[in-house]
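Breakdown of the fold
Read off the chains here:
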Amino acid sequence: MTDAAMIGPVEPPDLHVMTYNIRRRVAHVTQHSPDLWTRRRPLLKTLLQREMPTILATQEGLPDQLEFVAQALGSDYKRIGRGRNADGSGEQCAIFFDTRRLTLHDWKQRALSDNPYVAGSRSWGNRLPRIVVSADLTDKATGIRFSVFNAHFDHFSRTSRARSATMLNDLVKATDAPAIVLGDMNAGVRSAPYRILTSGPLRDAWTTANERLSPAWGTFSGYRRPKYGGKRIDWLLVTGTITVKAIGINASRFRGTAASDHEPVQARLTL
């Protein structure tokens, strides 16, 4: 793959938005496994410092991994989110944002469950807690206020994914401002969650973008070579007042090695 950035740093009024499941650190893997965090860490740093998105939504990150991401992005970036478990530990759906461009007004973390404000709560058949993090932001360059949502749907329960999509759709409908939805939805574009989320105010940035910067790779490669036409389970959705100038699925490899088992999805947007 090329050493050039897919999008890289952008100038106002454009925003560079990325969603990326960075793959949690696994304790017991061999030194030769592509899953080894110490092997993947420098690759992730290279990719992030090449792209420097205005907004980065990560999934599966553990606290030490997110500290590493924060260091890679630099001191101008801040992050929100906490662990999905009842005590605030565990995997996070963190949102990183460039404070030179964006002002944070408020943020919330909800459980994807019947009890969204009970940390660690589970419903609908998911074995693990699932969460969505939202941020209320203003673009300093344009003065436009908007919302960002970062979610990670359940990998096991179809019912949970559909109910999570309904809840997320309702949250977007309740937002008066333009909205961007990012996340690993663990479902393809022919699924019930996709139909639910694209039947309301949201539209799929991949299908509505003015330009596509990559082939239609699947976004879950499992460290293998990117697959054309594979399942696109990592989504970037926007409401109608947002223009998607360009979008791409970044299948960068470094000497044949991937930084995660997922490919990041990146878009250049204007509000």
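Refer to the structure above for everything that follows.
In this structure, Ile55, Ile180 and Leu236 are the most contacted members of the largest nonpolar core, which totals 31 residues. Top element by residues in this core is strand S6 (residues 131-139). It accounts for 4 residues. Ignoring any residue separated from it by four or fewer positions in sequence, one finds Leu236 in contact with Val17, Ile180, Val181, Leu182, Arg203, Asp204, Ala205, Trp206, Val265, Gln266 and Ala267. One finds Phe153, Val181, Ala187 and Trp235 within the second-largest nonpolar core, a separate group that totals 20 residues.

Looking now at the environment of Asp114. By the element assignment, Asp114 lies in the loop between strand S5 (102-111) and S6. Ignoring sequence-local partners within four residues, the contact set of Asp114 consists of Ser123, Trp124 and Arg163. Polar side-chain contacts of Asp114 include one of 3.0 Å to the side chain of Trp124.

Pairing within the open sheet is mixed, and its 6 strands lie in the order S5-S6-S7-S8-S10-S9. Because the sheet does not close on itself, it has two edges, and the strands there are S5 and strand S9 (202-204). Averaged over all adjacent pairs, the angle separating strand axes in this sheet is 20 degrees, with direction ignored. Contacts from helix H3 (residues 158-173) reach S5, S6, strand S7 (145-152), strand S8 (179-184), S9 and strand S10 (234-239) within the one sheet, and its direction differs from that of S7 by about 175 degrees.

Time to look at helix H2 (residues 63-73). Along an α-helix, residues three or four positions apart point the same way, because every turn accommodates 3.6 residues. Taken as a whole, H2 has its buried residues at Gln65, Leu66, Phe68, Val69, Ala72 and Leu73. The arc that holds the buried residues of H2, viewed along the axis, is 155 degrees, so those residues lie on one side. Where H2 ends, the next residue or the one after it, Gly74, has phi of about 105 degrees, a positive value.

The next subject is the pattern of salt bridges. The final tally for this structure, using the stated rule, is 18 salt bridges. The shortest N-O distance in the salt bridge between Glu67 and Arg79 comes to 3.1 Å. Pair noted here: Glu67 is in helix H2 and Arg79 is in strand S3 (residues 77-80), with a separation of 12 residues, a long-range link. We note a salt bridge from Asp136 to Arg145, for which the minimum N-O separation is 2.7 Å. Through salt bridges with shared partners, one network takes in Arg23, Asp35, Glu60 and Asp261.

Read from one edge of the open sheet, 6 strands run S3-S4-S2-S1-S12-S11, paired in mixed fashion. Whereas interior strands pair on both sides, the edge strands pair on one side only; in this sheet they are S3 and strand S11 (243-249). Mean inter-strand twist for the sheet, computed between neighbouring axes without regard to direction, equals 15 degrees. Summarising the sheet, S11 and strand S12 (residues 265-270) pair through 6 bridges and their orientation is antiparallel. Residue pairing for S12: Ile247 is matched across the bridge by Ala267.

Calculation criteria
- Residues numbered from 1 in each chain as written.
- Predicted model: local features only at pLDDT ≥ 70, side-chain atom pairs only at ≥ 80, totals over all residues.
- Heavy atoms only, no water.
- Core = buried A, V, L, I, M, F, W, Y, C linked by side-chain atoms within 4.5 Å.
- Buried < 20%, exposed > 50% of the residue type's maximum accessible area, 1.4 Å probe, protein only.
- Helix = DSSP H or I, 4+ residues; strand = E, 2+ residues; numbered from the N terminus.
- Contact = heavy atoms within 4.5 Å.
- Polar contact = N/O pair within 3.5 Å; in protein donor to acceptor, adjacent residues only side chain to side chain.
- Pairing = 2+ DSSP bridges.
- Axes fitted to C-alpha atoms, helices over the stretch in contact; angles between N-to-C directions.
- Arc of directions from axis to C-beta.
- Salt bridge = Lys/Arg side-chain N within 4 Å of Asp/Glu carboxyl O.

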